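Remarks on the overall topology
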Amino acid sequence: MSAEMNNGHSGRPATAGNGDAGVAGADIADVDIADVDVSQFTIEDMKAWARKVAHGDTVLVFDTTLRDGEQSPGATLNTQEKLDIAQQLARLGVDIMEAGFPAASPGDLDAVRQIARTVGRQVREDREGNPAPPPTVTGLARANKGDIDKAWEAVQDAVRPRIHLFLATSDIHMKHKLRMSRNDVLETVGDMVQYAASLCPNVEFSPEDAGRSDPDFLVKVLEIAIQAGATTLNIPDTVGYTTPEEFGGLIKHLRENTPGGKDVIFSVHCHNDLGLATANTLSGVQNGARQIEVTINGIGERAGNTSLEEAAMAIQVRQPIFNLKTNIISQEIHRTSDMVSRYTGMVIQPNKAIVGANAFAHEAGIHQDGMLKNKRTYEIMDASTIGLSQSRLVLGKHSGRHALRRRLEDMGYHLDKAELNEIFVRFKELADKKKTVTDADLEALVGDEIYQPEERWELLNVQVQCGTNMVPTAVVTARCVETGEVKTDAGFGSGPVDAVYQGINRVVGVSNRLVEFLVQAVTEGIDANGDVTIRIEVPANSAGFRETAQGRQRRRLFSGRGVDTDIIVASAKAYMQALNKALAAESGDEESAAVNISADAPVGA
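Residues numbered from 1 in each chain as written. Predicted model: local features only at pLDDT ≥ 70, side-chain atom pairs only at ≥ 80, totals over all residues. Heavy atoms only, no water.

Glancing now at the packing of helix α9 (residues 244-257) against helix α10 (residues 277-286). Helix-helix packing is described using two parameters, namely the angle between the two axes and the distance between the axes. The contact between α9 and α10 brings their axes to 8 Å, and the two run at 35°. Handedness of the crossing formed by α9 with α10: right-handed. Contacts from P244, E245, F247, G248 and I251 in α9 reach A279, N280, S283 and G284 in α10. (Axes fitted to C-alpha atoms, helices over the stretch in contact; angles between N-to-C directions. Helix = DSSP H or I, 4+ residues; strand = E, 2+ residues; numbered from the N terminus. Left-handed = near helix turned anticlockwise from the far one by under 90°. Contact = heavy atoms within 4.5 Å.)

What follows is the structure, encoded as structure tokens:
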């Protein structure tokens, strides 16, 4: 993605709230943020800042899409993809972004460090156009000096760095995972939080599996963490076990009974195993939490995390109930959701709250009648509130570059000249096949052109023959970007897509297992764009294989996504994207190496 696209936006990121907005004591509405000294946003007195947040009415949004979200199977992101998403999260207005787990690998450390040095040092604009602080950048660490050192190495260049360390406190975790006694845990928490605080004034501590921990023991743990220097205490429902009343009661108990608890920021981090993550998070907020840990689209391990868009919009739409606010720029939600979905290959379910395709669709006759009379009969928020355009501007084959650029800018996509030219060529091709091109079509084209990994192999041509009593056959031509060699070969399969994949395998000469194949229509009608998402698995012993922060082995899954009016072509594009991601990961992201990949699972599509 270009610098122009990274820096352009239609919504404006908000300030971090609680006295952080702009340059103190000056009328700065006309100040050019490029001239603002970013160092002025350093927090000089961390304890006083945390106390102000704890007693304020702004809920800080801690986004962990790049760490916990990336632990979703198949959601592996490379450094450039992480940077792109981090830039968009900054535009969205998140207060803190957990950029990764630096101790996991040199690649993770480098990605977090690059985000700290770029996004973590960029002045943003608030809703009025005033200079506002960059987001806090944090890295996750286990409670040991090695992890903490790596986290500090990664985040120290940010204007507002944070170290986030964790240690399990539930009896089941202490006995079976840590093999530590309660006294061992208390001692380790004190020592490691103190060590982290000696490096960084902004320290967050999480008692892992707090939802199943003894509340009275948690009080002791948190008291020691505060004494050692932690200014944010995160209470995770790590396995999604609690109910809203139960979890809200736990937050209230801990705030009221932990010495010093009223003057530090309590945070909540909920998982969705029982479908209660958002409800638990909001219950925690109602009981005094002033930081929520969330991910875009609710992605994350197992059933996922609390969804940023759900929690933020609940606080915004039901403001009279919560009497709180966030700094999220809601008009950036749809765009951020789409970017994360395309980069991770994790498709959003149609009935997903806020960002699902059906979230603002009305089919029942009684609903349509009510909507025509008054939108508020069945809509509690406008689609435009989350940046979902309902423009009636029609684009077709006679539309020019200017109209296309204007429409894309209205949608929030600010492309440079080369990117616009690429999109324009695709737009004209699509307009020749469709009578009108919708905003959804344009978003799909932008995603298909812009959200792409570095190409190792470029797909040049695909031809397929199939039918009754005929073995599906595909002829594939691709070019090796490094050498310039063009290769053509044929594949045979159980269906046309399988034949294409087998042909690509013969050209590229590598091996894997296809584990997921999904095709969707971008818009209605027989001439709709086909949007194909796939997932491939690379052998576990390949280079770059990692564990999560909790010690679980990560499957080497890579996603790909392709868009075309021909679903066979879209399928081929998706497969090539996944292969390119796998090849990049195998070579340390940017260096040359090869991985053996061949799709041995047939696709009869």
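Under the criterion given, the structure shown has 2 aromatic pairs. Ring centres of F424 and F427 lie 6.1 Å apart, and the angle between their planes is 40°; this geometry places the pair in the tilted category. Taken together, the residues span about one helical turn, with F424 and F427 both in helix α16 (residues 417-433) at a distance of 3 residues. Grouping residues by exposure puts F424 and F427 together as buried. Between Y501 and Y575 the ring centres are 4.2 Å apart and the planes differ by 15°, which places this aromatic pair in the stacked class. With Y501 in helix α18 (residues 496-508) and Y575 in helix α19 (residues 567-586), the pair connects residues that are 74 residues apart, well separated along the chain. (Phe/Tyr/Trp six-rings, centres within 6.5 Å; stacked < 30°, edge-to-face > 60°. Buried < 20%, exposed > 50% of the residue type's maximum accessible area, 1.4 Å probe, protein only.)

To continue, consider the sheet that holds strand β7 (residues 203-208). If you trace the 8 strands once around the closed barrel, you get β1-β2-β5-β6-β7-β8-β9-β10, paired in parallel fashion. Direction aside, the axes of adjacent strands within the sheet are offset by 25° on average. As paired strands, strand β1 (residues 60-63) and strand β2 (residues 96-100) are joined by 2 bridges and run parallel to one another. Paired with F62 across the two strands is I96, which belongs to β2. Strands β1 and β2 of the sheet are contacted by helix α3 (residues 79-92), whose axis makes an angle of about 175° with β2. Its contacts with the sheet place helix α7 (residues 182-199) against β6 (161-168) and β7, and it is angled at close to 170° to β6. (Pairing = 2+ DSSP bridges.)

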